[in-house]
Amino acid sequence: MSNRMWGGRFASGPDAIMEEINASIGFDQRLYKQDIAGSIAHATMLAEVGILTQTDRDQIITGLEQVRGEIDTQSFTFSRALEDIHMNVESRLKELIGDPAGRLHTARSRNDQVATDFRLYVRDAIDTLSAQIRTLQLALVRRAEEEVSTIMPGFTHLQNAQPVTLGHHLLAYVEMLGRDHGRFEDARKRLNESPLGSAALAGTPYPIDREMTAKALGFDRPTANSLDAVSDRDFVLETLSAATLCALHLSRFAEELVIWSSAQFGFIKLSDKFTTGSSIMPQKRNPDAAELIRAKIGRILGALTSLMVVMKGLPLAYSKDMQEDKEVAFDALDSLSLSLAAMTGMVEDLRANRERMRASANAGFSTATDVADWLVREANIPFRDAHHITGQLVALCEQRGISLEGLTIEDFKFIDHRIDSRIHKVLSVEASVAARKSYGGTAPENVAFQAARWKQILTGETSEPVAIKKSGGHGHGDGGATE
């Protein structure tokens with residue numbers, strides 16, 4: 001039996017294998033709200049320009065609202081034989097209202113219909129993801145305010161480099177997420193044009209009002225070229241590109257949470273809400289949520305790559321290859337949304353071990369650059385010479401098994417006579433971070449300022465930077481941890 005929705009040209013139905021490869025209802029049914037909204041806008045416009053009667057319009061809208069209610073309440077039966085969400089909705093509409101349902105498809109095609117639905121869906125997804133990014137940023141900002149003066153090691157090559165503050169480190173991800181938010185918003189602006197009314201590829205001879213439907217669906221304008229409108233998927237690619245970068249940032253932070261929560265580091269403790277145990281080792285607390293976030297970028301980047309490969313060789317306009325755009329996009333956007341929610345939960349719940357962080361920051365001669373800078377600033381020694389002198393001091397410390405703070409003034413003068421007792425003022429990790437006052441630096445006063453700036457951006461609240469507290473052994477809970 002031929003498909004009664006488009007079977008006039010065909011004498012028999014598709015082979016079972018053809019039906020299996022061709023049907024998309026298994027995944028595109030999630031577009032039902034967008035599909036019905038587009039059909040309501042289309043019917044309203046057709047009546048306004050005189051293509052539909054007011055009576056037909058009212059029956060169509062009433063029927064579509066009933067279909068939406070049935071799907072909402074899961075009482076709707078989807079049919080694979082009807083292929084996709086568009087035909088499933090239209091078939092049920094015909095059952096409900098009869099002949100007027102057949103007039104709904106006037107002046108449109110499934111090509112512009114699906115392009116419209118998908119743009120609406122991606123736009124909704126962007127709005128959700130943008131809000132989630134802002135929520136995660138705010139969680140990071142609030143933690144940064146609490147850890148303005150918490151000293152930790154800053155790393156290069158995962159080796160101790162220079163002391164920084166935990167607040168400064170957390171705000172680095174706030175900046176990254178801010179750019180992610182901007183990319184999603186840019187993608188939203190470019191996708192916000194309505195394909196509806198482009199029909200199959202060439203437009204329509206009916207006197208439709210595309211501006212009206214675009215406005216009804218919240219688009220800025222109708223698309224200007226019908227060929228481009230039905231064959232374009234770069235709005236999905238751009239969104240997946242933004243999603244990939246956001247997932248990359250989450251993955252980097254997740255990797256740090258995995259490292260920091262290990263026994264070897266012990267910088268943080270993740271709550272029971274976002275960790276799991278072992279089936280054989282009762283002592284284990286595994287950072288599974290962070291590890292899964294770290295892995296999600298594979299699926300998201302895979303979706304971007306998959307769709308790029310699908311689109312790269314397609315001539316204009318629509319080809320059935322483009323049905324492969326939705327499953328990967330749905331999965332990628334779902335994965336990013338889940339990752340953002342999980343990361344927000346971990347940030348809100350984790351506890352920082354301030355004592356452990358400070359002790360680690362003080363290891364590995366992390367204030368060596370401060371010594372070199374002091375030689376440049378106070379002894380007028382060229383930096384390259386100061387670098388060499390500092391290297392000799394570090395070598396002396398290594399021979400004796402002590403830190404730079406353990407050197408006496410005689411030790412310093414043994415290496416270079418121009419050093420005086422003032423050098424001791426720059427040797428502590430507290431002095432090191434406090435000195436980094438250049439814009440964007442890790443000095444606590446800078447961190448407090450940036451946290452206040454971001455809070456104002458994210459909430460609209462104008463507040464004074466949090467009071468700066470001295471760090472070092474003043475945390476709460478086990479091992480100097482803070483809630």
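Owing to the predicted nature of the structure, the values given are computational and were not obtained by experimental measurement.

**Quick notes on the overall build of the protein**
Step number 1: Looking only at helices and strands, the protein has 19 helices and seven strands in total.
Step number 2: Taken over the C-alpha trace, the protein has a radius of gyration of 31 Å; the compact-globule value for 483 residues is 23 Å, which it surpasses by more than 25%.
Step number 3: Projected onto the principal axes, the alpha-carbon positions of the protein cover approximately 100 × 55 × 45 Å.
Step number 4: Residue burial in the protein is summarised as follows: out of 483 residues, 50% are buried.
Step number 5: Partitioning the contacts of the protein with sequence separation of at least 6, the portion at a separation of at least 24 is 75%.
Step number 6: When the accessible area of the protein is evaluated, it comes to approximately 22900 Å², of which 52% is carbon and sulfur surface.
Step number 7: The averaged location of the 65 negative side-chain charges in the protein is 3 Å from the averaged location of its 54 positive side-chain charges.

**Comments concerning a nonpolar patch on the surface**
Step number 1: Nonpolar side chains collect at one region of the surface, where L201, L227 and L316 lie side by side and expose about 270 Å² of accessible area between them.
Step number 2: Position of L201 among the secondary structure elements: in the loop between β3 (193–194) and α9 (210–216).

**Here we look at the packing of aromatic side chains**
Step number 1: Within this structure, the stated rule accounts for eight aromatic pairs.
Step number 2: An angle of 75 degrees between the planes, with centres 5.9 Å apart, marks the rings of F118 and F235 as edge-to-face. Separated by 117 residues along the polypeptide, F118 in helix α7 (residues 110–146) and F235 in helix α11 (residues 234–260) bring together distant segments of the chain.
Step number 3: In this structure F235 comes out as buried when scored by relative accessible area, which is 3%.
Step number 4: Positioned over the ring face of F219 is R123, at 5.0 Å from the centre of the ring.

**Quick notes on the side chain of R436**
Step number 1: Locating R436 in the fold gives a position in the loop between α18 (429–435) and α19 (444–459).
Step number 2: Accessibility expressed as a relative area gives 18% for R436, which makes it buried.
Step number 3: Non-local contacts of R436, meaning those with residues more than four positions away in its chain, are made with Q162, T369, D370, D373, G441, T442, A443 and N446.

**Let's talk about the pairing of strand β1 (residues 151–156)**
Step number 1: The pairing of β1 with strand β2 (residues 159–165) spans six bridges and is classified as antiparallel. By the bridge assignment for β2, T156 is matched with Q159.
Step number 2: What sits between the antiparallel neighbours β1 and β2 is a turn of two residues, in which H157 has the positive phi angle 60 degrees.

**Topic: α19**
Step number 1: A rise of 1.5 Å per residue sets the reference length of α19, with its 16 residues, at 22 Å; its end C-alpha atoms lie 22 Å apart and thus fit the reference within 8%.
Step number 2: Residues of α19 that are buried sit in contact with α7, β2, α8 (166–191) and α18.
Step number 3: Immediately downstream of α19, the backbone of G460 shows phi near 85 degrees, a positive value.

About the thresholds
Sequence order as written defines residue numbering, which begins from 1 separately in each chain. With pLDDT at 70 or above as the cut-off, local features in this predicted model cover only qualifying residues; side-chain atom pairs require 80 or more to be listed or tallied, and sums for whole chains, interfaces and linings still use all residues. Computation of side-chain values: all heavy atoms of the structure, hydrogens and water removed. Helix numbering and strand numbering both begin at the N terminus, where a helix is a DSSP run of H or I of at least 4 residues and a strand a DSSP run of E of at least 2. As defined in this context, the radius of gyration uses C-alpha atoms, and a globule is described by 2.2 Å times the residue total to the power 0.38. Partly exposed residues are those whose accessible area sits between 20% and 50% of the maximum for their type, while under 20% is buried and over 50% is exposed, using a 1.4 Å probe and protein chains only. For this analysis, residues touch if any pair of their heavy atoms sits within 4.5 Å. In short, Shrake-Rupley with a 1.4 Å probe defines the accessible areas, and a residue's cover is counted only from the protein chains shown. Counted as positive: Lys and Arg. Counted as negative: Asp and Glu. His and the chain ends are not counted at all. Charge coordinates come from a single atom per side chain, which is NZ of Lys, CZ of Arg, CG of Asp or CD of Glu. Two joining distances apply to patches: 9 Å for like charges and 5 Å for nonpolar side chains (Val, Leu, Ile, Met, Phe, Trp, Tyr), and every residue must have over 30% relative accessible area and no salt bridge. For this analysis, a salt bridge means a side-chain nitrogen from Lys or Arg found within 4 Å of a carboxyl oxygen belonging to Asp or Glu. Pairing of aromatic side chains here covers Phe, Tyr and the six-membered ring of Trp, requires ring centres within 6.5 Å, and sorts the geometry by plane angle: under 30 degrees stacked, over 60 edge-to-face, intermediate tilted. Charges are assigned to positions over rings by a cutoff of 6 Å between ring centre and Lys NZ or Arg CZ, combined with an angular limit of 35 degrees from the ring normal. Paired strands, in this sense, are two strands between which DSSP finds at least two bridges. Multiply 1.5 Å by the residue count of a helix minus one, and that product is the helix's expected span.

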